[in-house]
Amino acid sequence: MRVFTQQILIVTAGLLSCALMTVISLQFLSHDISQSQRYHADNTLSLTQSVFYSTIQSLDDLANLNIDDCSPASLLKMRQTVFLSDYIKDAGLVQNNHLACTTTGGELEVPLELDPPSYTTNLDFDVWLNQQLIIFDHLHSGMVIRKGDFTVVIANNTFSSLEYGDNQWEVVNRVDEHYTHLIGTPGTFRRAELDEMEEVDDNYHYFHRCSQTYDFCIALSLYNFTLIKSKFGFLIFSLLFSAAFGILISISSDTLIKRHGSMGSRVRRGINKGHFVCHVQPLVDLQSKRIIGGEVLTRFEDQHGKLMPDEFIPEIRKLRLTWPFTLMIIKDALSQLQASGAITSDTKVSFNIFPCDVENNNIADLQALPEVQQFKGGITLEITEDLQLDSLVANQHINHIIQQGFEVAIDDFGTGYSNLKQLKNFRCQYLKIDKSFVFDLEAGSIRSSLVPHMVEIAKKSDLKVIAEGVENLMQCKVLEDLDVEFGQGWMFGKPMPISQFVEKYTQSNGSTD
């Protein structure tokens, strides 16, 4: 169930990340489209202003040429003016409301009478819209503008750059809040009191701006999907990037969850957040069967489940957290036991010590702990046989804590790095026979035959013996016959919470004093 939940979290993290990146990408795309539309609107307004400015400038230039006939010299001057303009396609001379000549057609055989203009601006410009004109033998649709005796032609394709996809645009003339269509898509311009206006809906992005210099307004209605199509490559890239980002987040989440649930992370958090719990296994006097104390052991459980000692102890060594772990256990156990009120001077409580902390002399800090100083009972440090302890420095450290009042027991004797010399050098008080030897007492195996020799070695070294792993009466009887002083095992009690141990200890000793 926990694995299934983790998979849901991983998939959810990936999907949410993908959705977030998609939203960000779309927001960025929307912003980019809006900026592109504003840029397009600015260019359109600039183009329109340039066209009208060039037109007015050209008409003023023609008026200043003092032309009153269609002579070759006059036509040459008019053609020079057209050539200098970027937008004017043709120019003509008007006499008596008749078009007499043009720069492209020369002098007309029959002057052409002008029709009434489409409208007249405030600046007295006459404007004809959508006139069909032949310029250099080609038919053009354009706008004719007249001022005074001259006309100029602006081809409709001058504004071809505004034609893009489904976008709509319109240029209108504004006279006293009266608007007249000039060019573009009629009806695009939306009447409003504002000279500048911008609106956005689901389909279109609308702009209009009115010139402060000339009597015209330009309106743009830009179809959103047109620009989205132009950004299609970016859109595909964004979606692929969002999907890749979601996958990356899923992989990262999986890695983080695995790391969070790894042995090392769990152990490290356990030390900092109290996931390690102290249990005590009773230590019994084999002659009287009275509980005289116990060995403090550790259990671990967090949201990921339980860890057995043979799992977390190696990890603690690997993380080099042996001393913080040991201090945490000693402080917690001693404070709980002392607070119970059941501890007497005869109570013996033992703790397992890592050999590296003996070698580094971390154990020298124990005497200064308030929990140690306030504890009424005796404290035994159980040290497993190890090559690290086979040194003069380690011997000195152990002997120093013995002088401070601690007792020392050699744990798991006979299973690891065995060196009888250590028994004399340490001047320890106890020797603990490993449970693997006790288990074989019933079978009469070769290993079981070593137990009497171990007891004999301990007696010769003035050590008391503690037998681990005592599970039944037969084992207990053999150990009693061998004159083993103390026993520890399931026969007397499994490792239990401190509160339960205190209750059993009190019952065994018949007093709470």
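It is worth spelling out the packing of aromatic side chains at this point. Working definition: an aromatic ring pair is given by the centre-to-centre distance plus the angle between the planes. Scanning the entire structure with this criterion turns up 9 aromatic pairs. An angle of 75° between the planes, with centres 5.2 Å apart, marks the rings of phenylalanine 276 and phenylalanine 312 as edge-to-face. Remark: phenylalanine 312 occurs in helix α6 (residues 309–318) and phenylalanine 276 occurs in strand β13 (residues 276–285); sequence separation between them is 36 residues. Across this residue pair, the class does not change: phenylalanine 276 and phenylalanine 312 are buried. An aromatic cluster is defined as three or more aromatic residues linked by ring pairs; in this entry it consists of Phe276, Phe300, Phe312, Phe325 and Phe354. Note that arginine 190 overlies the ring of tyrosine 206, its terminal NZ or CZ placed 4.2 Å from the centroid.

Attention now moves to the sheet that holds strand β8 (residues 168–175). The sheet built from 5 strands is open, its strands ordered β9-β8-β12-β11-β10 with antiparallel pairing. Pairing within the sheet leaves two strands with one partner each, and these edge strands are β9 (178–184) and β10 (196–200). For this sheet the average axis-to-axis angle between neighbouring strands, irrespective of direction, equals 20°. Examined bridge by bridge, β8 and β9 share 6 bridges and lie antiparallel to one another. Its bridge partner being in β9, arginine 174 is matched across the sheet by tyrosine 179.

Two numbers describe how helix α5 (residues 263–273) lies on α6: the axes approach to 10 Å, and their chain directions differ by 85°. On the basis of the axis angle, α5 is roughly perpendicular to α6. Only Glu311, Phe312, Glu315 and Ile316 of α6 make contact with α5, whose side of the interface consists of Met263, Gly264 and Val267. Its residues assigned to classes, the contact of α5 with α6 shows 4 nonpolar, 1 polar and 2 charged.

The next subject is the state of the cysteines. As used here, a disulfide is simply a covalent bond connecting the sulfur atoms of two cysteines. Evaluation of the coordinates by the stated rule reveals 2 disulfides. Note that cysteine 210 is cross-linked by a disulfide to cysteine 217, the S-S spacing being 2.0 Å. Negative torsions about the S-S bond denote left-handed disulfides, and the value of about 105° found for cysteine 210 with cysteine 217 makes this one right-handed. Here cysteine 210 falls in the buried class, since its relative accessible area comes to 8%. You can call cysteine 217 buried: its relative accessible area is 0%. Within the chain, bonded cysteines paired by disulfides and numbered along the sequence follow the pattern 1-2, 3-4.

Interhelical geometry of helix α7 (residues 322–340) versus helix α15 (residues 498–509) gives an angle of 45° and a closest axis separation of 10 Å. When the interaxial angle is binned, α7 and α15 end up oblique. Between α7 and α15 lies a crossing whose hand is right-handed. Listed contacts from α15 to Ala333, Gln336, Leu337 and Ser340 of α7 are Ile498, Phe501 and Val502. Looking at the contact of α7 with α15 residue by residue, the class counts come to 5 nonpolar, 2 polar and no charged.

Take the pairing of strand β1 (residues 88–95) next. Across the 8 residues of β1, 6 count as buried, placing the element largely inside the fold. In this sheet, strand β7 (residues 150–155) lies alongside β1 in antiparallel orientation, the contact comprising 5 bridges. Bridging from a neighbouring strand, glycine 92 pairs with threonine 151 of β7. Relative to strand β2 (residues 98–102), β1 runs antiparallel, the two being bridged by 4 bridges.

Most of strand β18 (residues 407–413) is tucked away, with 5 of its 7 residues classed as buried. The pairing of strand β17 (residues 378–384) with β18 spans 5 bridges and is classified as parallel. Looking at β18, one finds that glutamate 382 is bridged to alanine 409. In this sheet, strand β19 (residues 430–433) lies alongside β18 in parallel orientation, the contact comprising 3 bridges.

It is worth spelling out the environment of serine 448 at this point. Topologically, serine 448 is positioned in the loop between α12 (435–439) and α13 (450–460). Look at serine 448 and you get buried, because its relative accessible area is 9%. The spatial distance from the C-alpha of serine 448 to the C-alpha of serine 436 is 8.8 Å, given a sequence separation of 12 residues. Beyond its immediate chain neighbours, meaning those up to four positions away, serine 448 contacts Phe437, Asp440 and Leu441.

Moving on to α6. Here α6 has its buried residues at Phe312, Glu315 and Ile316. Buried residues of α6 fall within an arc of 105° about the axis and therefore sit on the same side. Turned more than 90 degrees from where α6 packs its buried face, Asp310 and Lys318 sit exposed. Trailing α6 by a residue or two, arginine 320 shows a phi angle of about 60°, which is positive.

This part is about the nonpolar core. Core analysis: the biggest nonpolar cluster contains 69 residues, and Phe276, Phe325, Phe351, Leu366, Ile433 and Leu479 have the highest contact counts within it. Take this core: its biggest share by element is 9 residues, from α7. When sequence neighbours within four positions are dropped, the list of residues in contact with phenylalanine 351 reads Val296, Ile329, Ile330, Ala333, Leu334, Ile379, Thr380, Leu381 and Glu382. Residues Leu59, Ile67, Cys101 and Leu220 belong to the second largest nonpolar core, which totals 39 residues.

An α-helix turns once every 3.6 residues. As a result, residues three or four positions apart point the same way. Between its first and last C-alpha, helix α10 (residues 392–403) extends 16 Å over 12 residues, near the 16 Å set by a 1.5 Å rise per residue. Residues of α10 that are buried include every one of Ala394, Asn395, His397, Ile398, Asn399, Ile401 and Ile402, and no others. Immediately downstream of α10, the backbone of glycine 405 shows phi near 110°, a positive value.

We now examine the environment of methionine 21. Note on placement: methionine 21 falls in helix α1 (residues 2–63). For the pair formed by methionine 21 and alanine 243, sequence separation is 222 residues and the distance between their alpha carbons is 8.4 Å.

Reading guide: rules and limits
- Residues numbered from 1 in each chain as written.
- Predicted model: local features only at pLDDT ≥ 70, side-chain atom pairs only at ≥ 80, totals over all residues.
- Heavy atoms only, no water.
- Phe/Tyr/Trp six-rings, centres within 6.5 Å; stacked < 30°, edge-to-face > 60°.
- Helix = DSSP H or I, 4+ residues; strand = E, 2+ residues; numbered from the N terminus.
- Buried < 20%, exposed > 50% of the residue type's maximum accessible area, 1.4 Å probe, protein only.
- Lys NZ or Arg CZ within 6 Å of the ring centre and 35° of its normal.
- Pairing = 2+ DSSP bridges.
- Axes fitted to C-alpha atoms, helices over the stretch in contact; angles between N-to-C directions.
- Parallel < 35°, antiparallel > 145°, perpendicular 65-115°, else oblique.
- Contact = heavy atoms within 4.5 Å.
- Nonpolar A, V, L, I, M, F, W, Y, C, P; charged D, E, K, R; others polar.
- Disulfide = S-S within 2.5 Å.
- Left-handed = near helix turned anticlockwise from the far one by under 90°.
- Arc of directions from axis to C-beta.
- Core = buried A, V, L, I, M, F, W, Y, C linked by side-chain atoms within 4.5 Å.
- Expected span 1.5 Å × (residues − 1).

Distances and angles like these do not, on their own, reveal function.
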